[in-house]
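Read off the chains here:
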Amino acid sequence: MIPRILIVSDKSDARSQGLATRLGQRGAFVATAPLAAIAFDTGSASGLAIPGFDGGLPDAVIVRSIAAGSFEAITRRLGVLHALGRLSVPVWNSAQAIERCVDKSMTTFLLENAGLPTPTTFCVEGFSAAEEIAKRELPRTPLVLKPLFGAQGRGIRLIRELADLPPPEEVNDVYYLQHYVPRAGPPFRDFRVFVCAGKAVAMMSRRGEDWITNVNRGAAPEQVSAQSEAELAKLAVAAAAAVGADFAGVDIIPASDGALLVLEVNSMPAWSGLQSVVAVNIADAIADALLKSLADNAGAASTVRPHRFVAPANS
């Protein structure tokens, strides 16, 4: 039976195209659609209308990206992913995992709850609450202010004194404040580890003159020394498991004393920079892991869809 895979992406980028190609080479039927194009439709058998599937359902879904939108639009799109999960369609990553990773405060909570090393973090609403934290913590350490929802290093600020705290309107009245991790530099370094199906399949070091070491901000991707691989892999796999991610890009920072701390878990990671310094093809790794997961489950009982109430016939 030919597996039917839906790739959710709001743009046709090289990574989504490469993933579709790799799945196709393995015999899968692949369709790509943005979440905005998938409709709730109570007239269909599943309750969803998905482009390319003629009223049916895919065997699995890979979420590459979710476009920005209004609160209502994002809620509806995540609702589609929740609905697919409810219909027993494997979704990599699930709506719940994406929600956990997009919200940095929840990611940090889950990392800490799992016993993983992560910087001391506070997330509060209101300037007065943030100011109280800053007054208490700044005598000991600078703080890093991050957007609660954000990626690729955008909007990150270093808070060294109370005057550095931005007004509420600049942060939507939510202050995510984290202890700054002192480290050697410049140049500064951190690590990105790509985890898929419970395994660390690739990793890189990022080196930059800026303390925010994202590749899109000019940091250079480099290979990781062999002696660091085992510890980085162990931390990254545990971090992905803590948020329930099937695949993820895990950011890990080395402190000046050598300790490794998990900063973030990205549920919709890019990998062009990482791919440039590793031998493994990351699209191959995702395709192989997903199809293996489907094959492993194929011998089990046929998928059971949630029971739908059928009204009794009129007597």
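Residues numbered from 1 in each chain as written. Predicted model: local features only at pLDDT ≥ 70, side-chain atom pairs only at ≥ 80, totals over all residues. Heavy atoms only, no water.

> Sorry, what's going on with the state of the cysteines here?
Scanning the entire structure with this criterion turns up 0 disulfides. Just so you know, Cys123 is unpaired, no disulfide at all, and the nearest cysteine sulfur is the one on Cys101, 15 Å from it. By relative accessible area, which is 35% here, Cys123 ends up partly exposed. Cysteine Cys196 remains unbridged, with the sulfur of Cys101 as its closest cysteine sulfur at 14 Å. Looking at Cys196, the relative accessible area reads 4%, which means it is buried. (Disulfide = S-S within 2.5 Å. Buried < 20%, exposed > 50% of the residue type's maximum accessible area, 1.4 Å probe, protein only.)

> Before we go on, may I ask you to explain the sheet that holds strand 5 (residues 60-63) in this structure?
Adjacent strands of a sheet pair through backbone hydrogen bonds, lying either parallel or antiparallel. Strand order in the open sheet made by the 4 strands is 2-1-5-6, with parallel pairing throughout. Both edges of this open sheet fall to strand 2 (29-33) and strand 6 (91-92), since each of them pairs with a single strand only. Sheet topology places strand 1 (residues 4-8) next to strand 2; 5 bridges connect them, and they run parallel. By the bridge assignment for strand 2, Val8 is matched with Ala33. In the packing of helix 1 (residues 14-25) onto the sheet, the strands contacted are strand 1, strand 2 and strand 5, and the crossing angle to strand 1 comes to about 175°. (Pairing = 2+ DSSP bridges. Helix = DSSP H or I, 4+ residues; strand = E, 2+ residues; numbered from the N terminus. Contact = heavy atoms within 4.5 Å. Axes fitted to C-alpha atoms, helices over the stretch in contact; angles between N-to-C directions.)

> I tried to follow the domain arrangement of the protein chain on my own but got confused; where do I start?
Domain annotation for the protein chain reports domain 1 (4-92), domain 2 (120-179) and domain 3 (188-280 + 287-293). The C-alpha-based centres of domain 2 and domain 3 are spaced at 25 Å. Taken together, the contact between domain 2 and domain 3 spans 8 residues of the former and 7 residues of the latter. Carbon and sulfur atoms supply 52% of the area that domain 2 and domain 3 bury against each other, a total of about 640 Å² over both sides. If you look at where domain 2 meets domain 3, you find 1 salt bridge. (Domains from an automatic or database assignment. Buried area = accessible area lost by both parts, 1.4 Å probe. Salt bridge = Lys/Arg side-chain N within 4 Å of Asp/Glu carboxyl O.)

> Would you mind going over the environment of Gly55 with me for this structure?
Residue placement: Gly55 occurs in the loop between strand 4 (48-49) and strand 5. The partly exposed category is assigned to Gly55, whose relative accessible area is 38%. With 12 residues separating them in the primary sequence, Gly55 and Gly43 have C-alpha atoms 9.7 Å apart.

> Please explain the confidence of the model for the protein chain as it appears in this structure.
The predicted coordinates should not be examined in detail at positions where pLDDT is low. Overall, the predicted model of the protein chain reaches an average pLDDT of 92, with 94% of residues at or above 70. Counted against residues more than four places away or in other chains, residues 301-305, with its pLDDT under 50, gives 7 contacts. (pLDDT = per-residue confidence, 0-100.)

> Which parts of the structure should I look at to understand the sheet that holds strand 11 (residues 188-196)?
Reading across the sheet, the 5 strands line up as 13-12-11-14-15 and stay open at both edges, with antiparallel pairing between neighbours. Unpaired on one side and paired on the other, strand 13 (220-222) and strand 15 (260-266) mark the two borders of the sheet. Across the sheet, the axes of successive neighbouring strands diverge by a mean angle of 30°, strand direction being ignored. Here strand 14 (residues 247-254) pairs with strand 15 via 6 bridges, running antiparallel. Each bridged residue has a counterpart across the sheet, and for Val250 the counterpart in strand 15 is Val265. Across the sheet, helix 6 (residues 226-243) touches strand 11, strand 12 (199-208), strand 14 and strand 15, and the angle it forms with strand 15 is around 45°. Strand contacts of helix 8 (residues 282-298): strand 11 and strand 12, with the helix running at about 30° to strand 11, the strand carrying the most contacts.

> How do you make sense of the side chain of Thr141 when you look at a structure like this?
Within the secondary structure layout, Thr141 lies in the loop between helix 5 (127-137) and strand 8 (143-146). Judged by its relative accessible area of 12%, Thr141 is buried.

> Honestly, the packing of helix 2 (residues 71-86) against helix 3 (residues 95-102) in this entry has me stumped. Any pointers?
Between two packed helices, the angle of one axis relative to the other and the distance separating the axes together describe the packing. Two numbers describe how helix 2 lies on helix 3: the axes approach to 8 Å, and their chain directions differ by 140°. Classified by the angle between their axes, helix 2 and helix 3 sit oblique to one another. Judged by residue contacts, Leu78, Leu81 and His82 of helix 2 engage Ala95, Gln96, Ile98 and Glu99 from helix 3. (Parallel < 35°, antiparallel > 145°, perpendicular 65-115°, else oblique.)

> Would you take a moment to explain the pattern of salt bridges for this structure?
Side-chain pairing between opposite charges can occur once the charged atoms of the two side chains come close. Tallying each qualifying case throughout the model produces 15 salt bridges. In this structure, Asp13 and Arg64 form a salt bridge, with 3.6 Å as the shortest nitrogen-oxygen distance. Pair noted here: Asp13 is in the loop between strand 1 and helix 1 and Arg64 is in the loop between strand 5 and helix 2, with a separation of 51 residues, a long-range link. As far as burial versus exposure is concerned, Asp13 and Arg64 are alike and both buried. Close ionic contact of Lys146 with Glu264 constitutes a salt bridge, the shortest N to O distance being 3.6 Å. Within this pair, whereas Lys146 is found in strand 8, its partner Glu264 is found in strand 15, the two being separated by 118 residues in sequence. Taking the relative accessible area as the measure of exposure, Glu264 reaches 16% and is therefore buried. Taken together, the shared-partner salt bridges connect Arg22, Arg26, Asp284 and Asp288 into one network.

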